[in-house]
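Here's the letter readout for the chains.
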Amino acid sequence: MNSGPNWPLAAMRVIDLSTDIAGPYCTKMLVDAGATVIKVESPAGDPLRRWTASGTHIAPGQDSALFQHLNASKRSVVADIETAAGRQIVLDLAATADLVVESYAPGALARLGLTLEALQTRNPGLSLLSISPWGGTGPWAHRPATEFTLQAATGATDYRRPPGRLPVAAGGRIGEWIAGIFAAAGALCAWRAARITGAGQHLDLSIFESMFLTFVPFFDISGQWRDGPMPGGVEVPSIEPAKDGWVGFCTQTGQQWKDFCLLIGQHELGEEERLLMGWARAAELPRLQQAIHPWTSARTIDEIIELATALRIPAVPIGNGRNLPHMDHFVERKVFTTGPGGFLRPRPPYLFSDTSLQPFGPAPKLGEHTDEVLKEVRQASPLLTKEGARGRSGAQTAPAASTGTASALALAGVRVIDLTAMWAGPFAASYLADMGADVIKIESIQRPDGMRLATTVGREPLWEWAHVFAGANTCKRDVTLNLTTEEGVTLLKRLMQTADVVMESFAVRVLEQFGITWDVVHALNPRAIMLRMPSFGLDGPWRDRTGWAMTMEQVSGMAWLTGYDDQPLVVRGVCDPVGGMNAVFALLLALGERERAGRGQLIEVPLVEGALNLAAEQVIEHSAYGTLLMRAGNRGPCAAPQGVYRCAETDQCIALAVATDAQWKALCTLVAPEWAGAPQFATVEGRRAAHDAIDARIDAWLSQHDRAAAVEQLIAAGVPAEAVVNVHYAWRNPQLEHRRFFQVMQHPMTGATRYPGLPIAFSALDRHLHRSPPPTLGQHNDEILGGELGLSADELADLRARKIIGERPSFM
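Residues numbered from 1 in each chain as written. Predicted model: local features only at pLDDT ≥ 70, side-chain atom pairs only at ≥ 80, totals over all residues. Heavy atoms only, no water.

S.K.: Hey, could you go over unusual backbone geometry for me, with residue numbers and the actual values?
M.R.: The peptide bond linking Gly-228 to Pro-229 adopts the cis configuration, its omega dihedral lying at 0°. Looking at the secondary structure, you find Pro-229 in the loop between α10 (219–222) and β7 (239–242). That bond from Ala-640 to Pro-641 is cis: its omega, 5°, falls within 30 degrees of zero. The topology assignment puts Pro-641 in the loop between α27 (616–625) and β21 (642–646). Although it is not a glycine, Met-422 sits at a positive phi angle of roughly 75°. (Helix = DSSP H or I, 4+ residues; strand = E, 2+ residues; numbered from the N terminus.)

S.K.: Lay out the sheet that holds strand β15 (residues 477–480) in plain terms, naming residues and giving numbers.
M.R.: The seven strands lie next to each other as β12-β20-β17-β16-β13-β14-β15, forming an open sheet whose pairing is mixed. Of all strands in the sheet, those bounded by a partner on one side alone are β12 (351–352) and β15. Relative to β15, strand β14 (residues 438–443) is paired through four bridges, and the arrangement is parallel. By the bridge assignment for β15, Ile-442 is matched with Val-479. (Pairing = 2+ DSSP bridges.)

S.K.: Any chance you could break down the packing of aromatic side chains for me, citing the residues and the numbers?
M.R.: Per the counting criterion, the structure on display carries 21 aromatic pairs. Ring centres of Phe-249 and Phe-260 lie 4.9 Å apart, and the angle between their planes is 70°; on these two criteria the pair is classed as edge-to-face. Taken together, the residues span a long stretch of sequence, with Phe-249 in strand β8 (residues 245–249) and Phe-260 in helix α11 (residues 254–263) at a distance of 11 residues. Comparing Phe-249 with Phe-260 shows no difference in burial state: the two are buried. (Phe/Tyr/Trp six-rings, centres within 6.5 Å; stacked < 30°, edge-to-face > 60°. Buried < 20%, exposed > 50% of the residue type's maximum accessible area, 1.4 Å probe, protein only.)

S.K.: Outline the confidence of the model for the chain, supporting the account with residue identities and numerical values.
M.R.: Residue-level pLDDT values for the chain average 95, and 96% of them are 70 or greater. Segment residues 385–391: pLDDT under 50, and 10 contacts once partners within four positions in sequence are set aside and those in other chains are kept. Contacts from residues 393–406, a stretch scored under 50 in pLDDT, to residues over four places away or in other chains number 20 contacts. (pLDDT = per-residue confidence, 0-100. Contact = heavy atoms within 4.5 Å.)

S.K.: Could you give an account of the environment of Arg-594, naming the residues involved and the relevant values?
M.R.: Along the polypeptide, Arg-594 turns up in helix α25 (residues 575–597). Placed 67 residues apart in sequence, Arg-594 and Arg-527 show a C-alpha to C-alpha distance of 7.3 Å. Excluding residues within four positions of it along the chain, Arg-594 makes contact with Asp-500, Arg-527, Ile-529, Arg-599 and Gly-600.

S.K.: How would you summarise the packing of helix α28 (residues 661–671) against helix α31 (residues 707–717) if you had to cite specific residues and measurements?
M.R.: It is the contact of α28 with α31, at a shortest axis distance of 9 Å, that shows an interaxial angle of 135°. In terms of orientation, α28 and α31 fall into the oblique class. Handedness of the crossing formed by α28 with α31: right-handed. Facing Ala-666, Leu-667 and Leu-670 of α28, the residues of α31 in contact are Gln-713, Leu-714 and Ala-717. In the contact of α28 with α31, the residues fall into five nonpolar, one polar and no charged. (Axes fitted to C-alpha atoms, helices over the stretch in contact; angles between N-to-C directions. Parallel < 35°, antiparallel > 145°, perpendicular 65-115°, else oblique. Left-handed = near helix turned anticlockwise from the far one by under 90°. Nonpolar A, V, L, I, M, F, W, Y, C, P; charged D, E, K, R; others polar.)

Below, the structure written as structure tokens:
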């Protein structure tokens with residue numbers, strides 16, 4: 001199973017010391033691509049073997065369906081690293097590995113002597129990837145946390161604030177899944193760099209930083225340009241009641257809002273100029289719901305979607321664990337598959353034209369492969385001793401290592417033509433640029449990247465003061481080309497001939513209208529890889545439907561688990577950067593395949609399938625146990641009590657989650673000392689049954705404390721708790737400052753501006769990886785079209801005169 005010669009990562013060997021979701025999802029992505037992954041567990045095993053979101057009892061000797069999904073095709077070895085013998089097993093395994101992944105508390109492995117240096121003793125090409133809630137260093141490195149409290153610290157919880165109700169966190173532990181994706185992409189970059197330099201490195205991934213970068217759309221940038229706080233609320237329209245359930249809409253553009261008003265027979269609402277802005281609609285939620293609900297409630301979901309789709313208004317059914325596998329689009333595209341274990345699960349969220357992935361294999365029983373793997377280690381040891389220390393990363397045949405930072409940049413020398421727009425594609429391309437790629441962004445003055453105007457803060461020039469564009473486009477060069485003209489397409493084709501990668505995120509039909517198909521790209525440049533990022537895929541019944549990130553949240557099940565019993569809510573955007581990171585991962589695989597096969601290929605990364613993988617637990621649990629997971633406000637399956645609670649100050653809240661018995665006892669010392677030994681509260685099940693009574697006691701205690709003091713006391717006692725901060729101020733965090741998460745650069749229009757970095761620190765690279773701020777529109781027309789393609793000054797002037805290129809939107 002693990003020796004498929006044509007799988008992209010067939011040569012990669014990984015030691016997985018992680019538990020729960022983030023680390024195992026990282027190594028699942030690697031094993032799906034063909035890597036050999038050896039899961040090293042304590043004698044008790046990964047706790048996820050016994051955990052289900054539905055509370056389904058797992059019989060002794062059996063493993064939960066979620067564990068089986070995340071650990072399919074891996075091998076299991078039992079080693080107690082608290083003992084010298086267990087540590088020696090890890091060191092012996094490391095001698096033939098490319099990567100070690102771990103999720104212990106920061107510093108725990110080092111205290112046991114399992115440092116990067118120790119792991120590299122016989123294998124200098126090995127990299128160590130550490131995953132932790134806050135990152136491995138900093139004042140909050142050991143701060144108690146859960147995914148729920150981390151959401152509050154990002155500002156995302158406060159931003160999701162239905163009128164008259166407490167702010168509500170997103171359901172489904174999606175922050176942990178997201179961290180796993182960033183970890184997998186970072187692991188491939190380190191592996192690729194090690195194959196060039198011969199040296200591995202330490203990768204320090206912060207789950208909090210992963211969430212900060214994805215849960216809130218760069219409000220840390222807009223906060224520099226306008227006053228706060230940022231008002232919370234919900235989208236209008238969003239998830240609305242239909243005759244037979246819930247239906248999801250997403251009107252991100254003014255035109256889509258106007259068309260929606262026509263759809264529901266409320267033309268006059270579309271003429272109210274103020275309502276063209278989403279924040280203004282959120283402020284008038286009750287009035288607008290009175291106009292929307294009578295229309296939607298009188299029609300079925302299918303009727304509504306048919307009418308909305310005809311007007312190109314994004315509309316989808318609200319997906320959940322029960323209905324998703326039966327939706328016609330996912331059935332036709334064979335998105336869900338039944339593997340070992342007998343339950344349904346989504347396939348990996350990307351497709352290759354010429355490369356196969358490893359089929360899902362069985363998940364290992366605890367210690368199933370211990371004897372087999374240790375025998376392999378003993379057989380390998382004499383060979384390693386005889387040949388001496390060497391890396392497993394191909395360094396023995398790679399070019400000699402050069403000095404300086406550039407040698408560790410995994411994509412130095414790679415050129416990318418970036419035709420993407422909005423958030424997902426630009427986010428991916430920006431990551432590629434941070435890893436050393438030369439990214440040339442293509443826009444037009446007729447249709448600049450939509451995020452330039454959709455997220456502008458209103459300063460002049462409008463298109464250069466857009467926070468999402470700024471955050472997703474650092475480190476690029478920018479060229480404008482009118483692709484509705486023959487000259488524009490000809491120049492694009494000339495650039496494509498110089499490219500390693502061509503990436504786009506248009507609706508499926510758009511590039512075909514320009515005559516830029518995969519066949520054309522491949523004929524122009526056989527070594528070029530083409531990456532396409534459609535909303536729903538390149539085929540299937542929904543191929544030509546429009547959709548935004550919130551659309552994907554609605555249909556994938558993410559929204560189903562978020563909100564209150566009577567009001568599902570969108571998460572607000574995470575599917576875009578997640579889709580971008582899935583694209584990065586797939587592209588890194590394709591670049592490796594090109595080095596092996598000598599040719600490029602087509603990659604398809606549908607945004608909806610990335611969302612389905614984030615929400616996979618819902619389909620898995622329903623398929624395996626017949627249980628439909630449901631939203632429950634701020635309560636959840638991982639902790640009890642868990643919730644958002646008001647403090648003494650007006651409108652100030654904290655998020656609190658008790659995930660362990662020890663944390664419960666610590667909470668009791670502050671809130672209810674007499675409950676510490678009460679048998680009815682001794683288990684999480686008992687505490688969940690008494691949640692209302694416990695909430696009342698927490699409310700009473702917090703009513704006597706201001707927010708800062710309450711959080712300080714709870715954290716000091718060891719209870720995960722965070723202020724529910726307004727997203728406008730979330731960047732003011734000592735942990736982010738310590739870890740140099742932000743980088744200040746001088747922008748031609750916005751001046752000195754603070755930009756977020758990546759959520760992973762590479763020891764071989766500087767923390768600040770952005771080489772330049774986001775480009776102004778057409779900033780590099782002369783440099784690239786003139787300096788690189790050889791157009792003369794007169795030719796450039798002629799192109800400007802005919803508006804084929806330019807530096808200002810043609811309509812402004």
